[in-house]
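Understanding the architecture of this molecule
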Amino acid sequence: MPLVMDEGGIRRALLRIAHEIVERNRRVGDIALVGIRRRGVPIAQRLARSLLEISGREVPTGALDITLYRDDLMWHAVGPQPVLRSTEIPFSIDDRRILLVDDVLYTGRTTRAALDALIDFGRPRSIQLVVVVDRGHRELPIKADYVGKNVPTSARQSVQVKVSELDGVDEVVIGEIGEHGGHAPAAGEAAP
Amino acid sequence: MNVARDARQPAAGGQVQPAARLRSKHLLSAGDLSREEILLILDSAEAMKEVGARRIKKVPTLRGATVVNLFLEPSTRTRTSFEIAEKRLSADTLNIAGGTSSLLKGETLVDTARTLEAMAPDMVVLRHAASGACHLLAGACDARVINAGDGMHEHPTQALLDAFTIREHKTRFEGLKVAIVGDLLHSRVLRSNMLLLSALGADVWICGPRTLMLPGVERFGVRATTSLDRALEDADVVMLLRVQAERMQGHFFPSRREYFATFGLTAERLRRARPDVIVMHPGPMNRGVEIASDVADGPVSVILEQVANGVAVRMAVLYLLAGFDANEGAE
Amino acid sequence: MTMQAVVLKGGQVVDPAQGINGVVDVRIDERGRVAAVGADLPLDGAAPVEVPPGFVVCPGFIDMHVHFREPGQEHKETIASGVASAVAGGFTAAACMPNTDPVNDHVGVTEEIVRKAADAELARVYPIGAVSVGSQGERMTEIRALREAGCVGISDDGHPVADALLMRRALEYVSMFGMPVINHCEEPSLAAGCVVHEGYRATALGLRGQPGETESIMVERDVSLSGLTGGAVHVAHMSAGESLRAVRSGKERGIAVTCEVTPHHFILTDEDLRYDTNFKMNPPLRAAADRDAMLEGLADGSIDAIATDHAPHHADEKAVEFDRAPFGIIGLETAVSLSLDRLVHRDVLSMRRLVELYAPNPARILGVEGGTLKPGAAADITILAPDTEVEVAADRFRSRARNTPFDGWRLRGAVAATVVGGRVVYINETVPGAAALAWPAR
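An account of the accompanying structure is given in this report. Keep in mind it's a predicted model, so treat the numbers as computed, not measured.

Calculation notes
Residues numbered from 1 in each chain as written. Chains lettered and ligands numbered in written order. Predicted model: local features only at pLDDT ≥ 70, side-chain atom pairs only at ≥ 80, totals over all residues. Heavy atoms only, no water. Phe/Tyr/Trp six-rings, centres within 6.5 Å; stacked < 30°, edge-to-face > 60°. Buried < 20%, exposed > 50% of the residue type's maximum accessible area, 1.4 Å probe, protein only. Helix = DSSP H or I, 4+ residues; strand = E, 2+ residues; numbered from the N terminus. Axes fitted to C-alpha atoms, helices over the stretch in contact; angles between N-to-C directions. Parallel < 35°, antiparallel > 145°, perpendicular 65-115°, else oblique. Left-handed = near helix turned anticlockwise from the far one by under 90°. Contact = heavy atoms within 4.5 Å. Pairing = 2+ DSSP bridges. Right-handed = clockwise from strand over helix to strand, strands pointing away. Lys, Arg positive; Asp, Glu negative; His and termini not counted. Salt bridge = Lys/Arg side-chain N within 4 Å of Asp/Glu carboxyl O. Polar contact = N/O pair within 3.5 Å; in protein donor to acceptor, adjacent residues only side chain to side chain.

To describe a pair of aromatic rings, you give the distance between the ring centres and the angle between the ring planes. With the rule as written, the count across this model stands at 8 aromatic pairs over all chains. Between Phe253(B) and Tyr259(B) the ring centres are 5.1 Å apart and the planes differ by 50 degrees, which places this aromatic pair in the tilted class. The same class applies to Phe253(B) as to Tyr259(B), namely buried. Taking the centre distance of 4.8 Å and the plane angle of 5 degrees together, the rings of Phe61(C) and Tyr358(C) count as stacked. Of this pair, Phe61(C) sits in strand β6 (residues 61–66) while Tyr358(C) sits in helix α13 (residues 351–358), placing them 297 residues apart in sequence. Using a relative accessible area of 0% as the deciding quantity, one classes Tyr358(C) as buried.

Structure follows, in structure tokens:
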């Protein structure tokens, strides 16, 4: 399975993104990170630690489960209902600049669901999108503001971002669909 | 503002993991649910409870789905709870109540099912005075059927919300002494709770007058007593069942006064329970019959939490059953 | 009408009344009566009918408890469909209960039943008259008139005779006519609102249950009243072990009490209950101990008869909530196969004892002809193929109704043919060899 990014690659990419965030959001004071469950959450937490080191400010960090906003539940369900996980946004998002964090940007449907969910929580000043990998094949007009790496893929491939907090290892790999058995599409990965 | 406790700590389930899905497209009986399926519903309800704490308490999950609340026996509490749950999930809801509906005049349940079928609902939530009515409906239509109380048989979502409430307070079920007191014989809430709480590992005691004891109780794996004091001794949870005045006609007990004196829960009697005991009631309560007001309104009462949790649990059930293809077979 | 005389040759004849249990011939004369029974009977102008090996020739079976629903509820069953069902089940006669609409409490109703049964020309039908007008349990019917119109017993079946004084008077009164009072024993206050047997299954299904004592209390009463009056009491569709105890005790004291049991009560128990209204009947399916008591009573002779309590209902009437469904299941076309499979092949009782339960005993209790193949008796004959396997197929029943819990059951033992008054009225085409039993009517 071809390795796209190793542990060091991911670390450098996230550090670069943290610097870009500070650059683009001069006053870090009103930003907050919201990770999309599941792998967006540990990535958001890592970014928060980097932002603290760079700017000296604690950036509020939350977790968003977008399952209830998916557009493929009632009508295209092929398997069991996705397991619901809790959403934890322990701060008001009103008038904040929200950095939405996900591992892979693919069709854009997950991001669409996350935007809908976020807007139900309040009225942020802006929402910016952070992804570790952009693999293309967008089905909706959505674009990331910060990208760790652009990885051109075919639709028959799958991209997995693994994080040590959940997977025991930091790496990004590409596989053919069905090749690495057992990997059900995570909530953030719209099924092709 | 939006803090959802992640209650899925290992302590809550130990080694037992929640199931990945429900096996049946219907929810007819608590007895049909495995322990893993129960945990899946309770875990999903945690996430649903967080939705209920938001400013906008609505998610688009069941947008475009039609849910019929077919309440052929009067019920405000359960119907309202289901209706809120459906609305929070953005389903289109349709309420049909017995007595008021010309649709149902002189019509059999099977005919009603066929009539509904023509409107292609995705789910039917049925409350009915006859035991087994939900089984009959499930056999007669394609929609997923949720039992919202059938006769003296079962009321599975009530038992699920009771279990959810108990878990919030006690974080576990194994070894928990749950005393269920009241009109045992006629209670569908009791039957569902016995099945559900026993499956989760709780030590269930049931208590009531001998005249209202369950025939064949020994086979339910619960302990039965007519002594309220024994039932309350070191109880972690006390659950009261409604005692209806009309039961006096069947020679079940002589008067409300005598019932209250023998089985009514008072603060005094509750001292036998554990200090951190919680008191539950599925409602509606008969104050001064099965429960004294100071207990019902006191600090150990979680009765209103039960009502709030009912919405979350019903959202979870609706969500999980929605995952079935409508044409998929049960089981 | 005269018919061709025939000799049934080579069949295993089981006729308890004559003490016959062996391979002998049966000669049926031109008037449809048994002329002789014996080994190697000469033909003397009669046509020979070779009975296939293994088949059993019995006196015609009598179902002493059926509901034919006519007049009044012909959508469930008619007398014509009822007797067609009876002969397909191996019965040459059936006694039909009076809970028709109107109730058979008047000679007009009795005569209509007798006439329709005669028109059907299949099984014999013995009407049972009502004990009380409209079976309301208040005023006694004109029992003598009913008797003369053709009734062979009286009963308020469907309802118990709850009033002890009425039961006493009925027993006293019918004793003048040599008929039994057949009682559906059930204490109404204990049975009110109940649909199943009280116990674990009732509790689990949330259905109201009544205990066996609901029945046995009234059996005890009736045994006492029979002892008091000398009137013959027959306990219909007995279901509870306690009731059997009361019957046994009465018999030991020489009291004129008899009883019947249905196949479903000696086979099924409340453990079989589910939300299927084909398991709803009254009395309800009882506990395993009750079922076992019924088997014991059948074996030891304390139970006198097997009756079906054939209770047809339309499918729509049964396709409702369990609480709301009418009580009752049909049984005419399953009883004999169920009995052969569950009683004879499982060594609960002998073939001879089974025949007693189905033929001479019901005839004796009702005081009707039949129950034996003695020379001079009407040639009512049930021919069994005890080793033929059958599968119950409700959709092929001759009854108008389909409400049986036994649909799809595979059973060992079949009815091969049914003969009424020397005339072959039913041949079971699915039984190999049975076709050989057809003989010309003249």
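This paragraph deals with the packing of helix α7 (residues 213–229) of chain C against helix α8 (residues 241–252) of chain C. Residues and elements named next belong to chain C. At a closest axis distance of 8 Å, the pairing of α7 and α8 adopts a crossing angle of 15 degrees. When the interaxial angle is binned, α7 and α8 end up roughly parallel. Where α7 crosses over α8, the two elements pack in a sense that is right-handed. Touching Glu-213, Glu-215, Ser-216, Val-219, Glu-220 and Val-223 of α7 are Glu-242, Ser-243, Arg-245, Ala-246, Val-247 and Gly-250, all from α8.

Residue and element names in this part refer to chain B. Looking at the element boundaries, Val-289 is found in the loop between β9 (278–280) and α11 (293–296). By relative accessible area, Val-289 is classed as buried at 3%. Taking the C-alpha atoms as reference, Val-289 lies 13 Å from Gly-208; in sequence the two are 81 residues apart. Here Val-289 is in contact with Val-243, Arg-256, Tyr-259, Phe-260 and Gly-264, once residues within four sequence places are set aside.

This part is about the pairing of strand β6 (residues 203–207) of chain B. Residues and elements named next belong to chain B. The element β6 is largely enclosed, with a buried count of 4 among its 5 residues. With 5 bridges connecting them, strand β5 (residues 177–181) and β6 associate as parallel partners. Within β6, the position partnered with Lys-177 by the bridge is Asp-203. In terms of handedness, the path from β5 via helix α7 (residues 188–199) over to β6 forms a crossover that is right-handed.

All names here are of chain C. Checked against the element boundaries, Asp-290 lands in helix α10 (residues 288–300). Buried charge without a partner: Asp-290 forms no salt bridge, and the closest opposite charge is Arg-286, 5.4 Å away. A polar contact is formed between the side chain of Asp-290 and the backbone nitrogen of Gly-241, at a distance of 2.8 Å. Apart from the residues lying within four places of it in its own chain, the contact partners of Asp-290 are His-197, Ser-239, Ala-240 and Gly-241.

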